[in-house]
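A structural walkthrough
Here's the letter readout for the chains.
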Amino acid sequence: MFFGRVYANCKAFSALRYPYVHLASKLVICRNFHHPVGLYFKHIFPQRPLSTSVRLLREEMATEKSVTESEQKQYRNRLGKEKSPYLLQHATNPVDWYPWGEEAFAKAREEDKIIFLSVGYSTCHWCHVMERESFENENVASIMNEYFVNVKVDREERPDVDKIYMTFVQATSGSGGWPMSVFLTPDLKPVAGGTYFPPKDNYGRPGFKTVLLNMAKQWAEQRAKVSATGKRITELLEQTTAFDVSLAGSLIGGEVPGKETWDLCFNQLSNSYEPLFGGFSMAPKFPQPANYSFLFHLIARDPKSESGEKAKEMALHTLDKMAKGGIHDHVAQGFARYSTDSKWHVPHFEKMLYDQAQLAIVYSNAYLLTKDNKYANVVRDILTYVSRDLSHPEGGFYSAEDADSYPTHDSTEKKEGAFCVWTYDQINSLLSIPLQTKPEHNLSSVFCHYYSIKPRGNVSPENDPHGELKGQNVLAVFHSERDTCDKFDLSLPDLHKELEIGKKILFEERQKRPKPHLDNKIITSWNGLMISAYAKAASALNDEGYKQRAIDAANFVKKYLYTDKKRLLRSCYTENNKIAQIKEPIEGFLDDYACLIKGLIDLYECTFNPDWLVWASVLQASQDELFWDHGLAGYFSTSNSDGHNLFRLKEDQDGAEPSGNSVAAGNLLRLGCMLDCPEMKEKASKLLSSFTSRLSRIPVALPEMVCALMLYHDAPTLVVVTGDMSKSETVELIRVAQSNIIPGIVLVTTGSNSDNFIVTRNESVRKMKKLGDREAAYVCRGRACSLPVTSPVDLAALLRI
């Protein structure tokens, strides 16, 4: 996030010669992602008695005391009035937490106190650890309460706050993560920060109490210097995150990056590709769905080229390995956040909605490309999980499931993966039954062989630093189905049948365990991604149930997350299955608009109900009004309505979620083509031009935007089918276009009424009529359209399928 520009300016921060942000020798950083111990101020905070306050010293020497579960009930800080599951998790901490807002900031100004800002999310493993170790500790809480104003933020609820201060942490350290811990002056300027801090001094590194005490000392003794440093840091941050100022200023309305950009993106991906188990890194491995969106677009453009063949190999091999690995929940479906090892075997067990959405689309594309049912089965698997475990009864989608859970109903401490893993004895006991197809063999033997289950567990100690998975097994497939068939003399259909029996037994047993925490917050942007996923799956697999699920979700968002002023809200909340909202709802961000618009365009191309396009066009107008940068082009991530944000940023990386600008570029081109709106293409041109510097140097950071760039240069392929979905001829022609992966396709119907939204907006479409008494299809590229065809075979030929 902003790393390319910001980290390059680290020397400017270091030159401040102030210990809070002095880099290199002044900060000791542990970069192990699975143990994000954050920034340790070894030299910043020397371990010596403090002269500022006798009380501080007494508390530093005090005996540790953590708050028990029963004692927690006596606490109810201000977070108890919130709706966010993450904030509510901290409502019974002895820390006097405030939510982000004027009440906290006014207190900091009035009492002249440093603000301690803690940012995380409800399914974050290390957030739970820091809470348990520090925020539930009475001695730590007493220091926090006396010397700081403590603010807790859910990063999923307030991505604007998270991005600003994560930019600071990354700029001053080169790394980041959650929980994020940042110290701010009363006017919200950052002066020091990190991620997770351990509770006690260890291995020469200060613990959280030491950091707190020394921060209090610095504020008490050098207040003016700290404030001046905060001001200077903020100025440098704003300068270094100003988006491509020198280059973009000369490019607005100028040349958009060309073919060299996607060639470089492909080469950068190829160079980072790990050929054994796929993916684009060693451990840890993340799904990175945007990479596959780019690869499939590249394949569809030129499947027979050397790069097209290589892209196909990289994409399909990785998707195969992911589907076989432990990152894929073979028992209860869905995908975990990432794999801690290079084999996709041992996951970080939390499941995020945005991963399910993007992976469902990726595997749908794999199915369209290959027509191999194994990819369709993965799509169904993901959507089964989302429909069952992440769905509100009225149609919205919940955010995530936690990695941690209680191993048994009597347990007092949660462990990561407890809900998902198995001992050999558990599986042997549950599956010690004869095979239905080969009674001489035992189901347990077949199951354990196929899923690599071992008597002493199959998790390597190096992937289990805290011993939580010792003796446990994570189901994963490391050999071929044919190997198991040969070993037990089974046919492939019989093997599939027996494995399904075993998975069903384990699933029913797993439902008896304590379930992980569910973050039932409903986020607009993630719901937009999920609407796209169900719509794309409905079209690829010709599934009416998926189509209806996408419709239900869109109706939910319109009912609960859309205001009378044509504005989106960021999130809503669930209380006893009923939808609730906070007193001052959070306005939607760029990601919310862009991802929902994309979902609505995809939903139109699935249902051909023009109402979805009408709404998408209204939202696009609101997005332009709220977020467009009239000086340098592109979209800011936030509107200018929140006076507490230090500055406005533009996201320039497609990470776990695609950036709002990447999605917006594709939306402008698709919607502009549908509605014959040249202004939208011009806006897309300016947006892409404003990212020239990033696209020219590191396009692999923006693979979703590179897809939009290819679409811009190729121009969308507009397929117009006359009639509506009540006509069988129309449906047959549409199925040709929906059943194949076609680069840049935009699919519309004329409908049966002359007042159809597209017909009224697009003069070319208005002229397209049936051929005689038969419904017809037209294929338009650029400003030229084919003669109409009426048969699916002829349409396939026009589309070169």
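Refer to the structure presented above.
Structure report, in brief. Numbers given for residues are sequential positions, taken from 1 along each chain in its written order. At least 70 in pLDDT is required for a residue's local features to be given in this predicted model, at least 80 for side-chain atom pairs to be given and counted, and no such filter applies to totals for whole chains, interfaces and linings, which use all residues. The side-chain numbers reported here are obtained from all heavy atoms of the structure, hydrogens and water having been left aside.

Focus on empty space enclosed by the protein
It is the rolling of a water-molecule-sized probe over the atoms that shows where space remains empty. Of the two site types, the cavity is a set of points on a 1 Å grid over the protein atoms alone where a 1.4 Å probe fits but cannot get out, and the pocket is an open set with protein on both sides within 12 Å along at least five of seven lines, each lined by residues with an atom within 4 Å of a point. Grid points are joined across faces, edges and corners, and a volume is the space filled by probe spheres set on the points. Inspection of the entire model under this criterion finds three cavities of 30 Å³ or more. Its boundaries defined by the atoms lining it, the largest cavity holds a volume of some 930 Å³. Asn 365, Lys 536, Lys 598, Asp 602 and Arg 670 are, among the 38 residues lining the largest cavity, the residues nearest its centre. Note on residue categories: nonpolar means Ala, Val, Leu, Ile, Met, Phe, Trp, Tyr, Cys or Pro, charged means Asp, Glu, Lys or Arg, and polar means any other residue, Gly included. Each residue belonging to the lining of the largest cavity can be placed in one class, and the counts come to 20 nonpolar, 12 polar and six charged. Approximately 140 Å³ is the volume attributed to the second largest cavity. Along its surface, the second largest cavity is lined by 15 residues, and Gly 326, His 328, Asp 329, Phe 349 and Cys 420 are the ones closest to its centre. For the lining of the second largest cavity, a count of residues per class yields nine nonpolar, three polar and three charged.

As for helix H24 (residues 590-607)
Secondary structure counts use DSSP, requiring at least four H or I residues in a row for a helix and at least two E residues in a row for a strand, with both numbered from the N terminus. Multiply 1.5 Å by the residue count of a helix minus one, and that product is the helix's expected span. For H24, with 18 residues, the first-to-last C-alpha span of 26 Å sits near the 26 Å given by 1.5 Å per residue. Using a 1.4 Å probe on the protein chains alone, a residue whose accessible area is under 20% of its type maximum counts as buried, one over 50% counts as exposed, and one in between counts as partly exposed. With respect to burial, H24 is a largely interior element, 18 of its 18 residues being buried. Backbone geometry just after H24 places Phe 608 at a positive phi near 60°.

Topic: the pairing of strand S16 (residues 571-575)
The element S16 is extensively covered by neighbouring structure, given that four of its five residues are classed as buried. Here S16 pairs with strand S17 (residues 578-580) via three bridges, running antiparallel. Looking across to S17, one finds that Glu 575 is bridged to Lys 578. If DSSP finds at least two bridges between two strands, the strands pair. Count of turn residues in the S16/S17 antiparallel hairpin: two residues, of which Asn 576 carries a positive phi of about 55°.

Overview of unusual backbone geometry
The peptide bond linking Trp 178 to Pro 179 adopts the cis configuration, its omega dihedral lying at 5°. Mapped onto the fold, Pro 179 is located in the loop between helix H9 (159-173) and strand S6 (180-184). For Leu 188, which is not glycine, the phi torsion reads 75° and is therefore positive. What makes Leu 188 buried here is its relative accessible area of 6%. Positioned with a positive phi, Asn 542 is a non-glycine residue whose angle comes to about 55°. Mapped onto the fold, Asn 542 is located in the loop between helix H22 (524-541) and helix H23 (544-560).

Here we look at the state of the cysteines
Criterion for a disulfide: a pair of cysteine sulfur atoms at a distance within 2.5 Å. If you walk through the whole model with that rule in mind, you get two disulfides. Linked covalently through their sulfurs, Cys 124 and Cys 127 form a disulfide whose S-S length is 2.3 Å. Taking the sign of the torsion about the S-S bond as the criterion, the disulfide between Cys 124 and Cys 127, at about 80°, is right-handed. Of the two residues examined, Cys 124 and Cys 127, each falls in the buried class. Two residues share a disulfide in this structure: Cys 780 and Cys 785, whose sulfurs sit 2.0 Å from each other. Taking the sign of the torsion about the S-S bond as the criterion, the disulfide between Cys 780 and Cys 785, at about 110°, is right-handed.

Description of helix H14 (residues 289-301)
With 13 residues, H14 should cover 18 Å at 1.5 Å per step; its first-to-last C-alpha distance of 19 Å lies within 8% of that length. Counted residue by residue, H14 has 11 buried out of 13 residues, so it is predominantly covered. All of the buried residues in H14 are Pro 289, Ala 290, Asn 291, Tyr 292, Phe 294, Leu 295, Phe 296, His 297, Leu 298, Ile 299 and Ala 300. Against helix H13 (259-272), helix H15 (306-324), helix H16 (353-370) and helix H29 (703-714) lie the buried residues of H14. By definition in these notes, contact holds between two residues if any of their heavy atoms fall within 4.5 Å.

As for the pattern of salt bridges
What makes a salt bridge here is a side-chain nitrogen of Lys or Arg within 4 Å of a carboxyl oxygen of Asp or Glu, nothing more. Within the structure shown, the criterion is met by 43 salt bridges. Measuring nitrogen to oxygen at the nearest pair gives 3.2 Å for the salt bridge that ties Arg 78 to Glu 103. One end of the pair, Arg 78, is in the loop between helix H4 (69-72) and helix H5 (85-89); the other, Glu 103, is in helix H6 (residues 102-111), and 25 residues separate them in sequence. Among the residues examined, Arg 78 registers a relative accessible area of 29% and is labelled partly exposed. Residue Glu 111 pairs with Lys 107 through a salt bridge whose shortest N-O separation is 2.8 Å.

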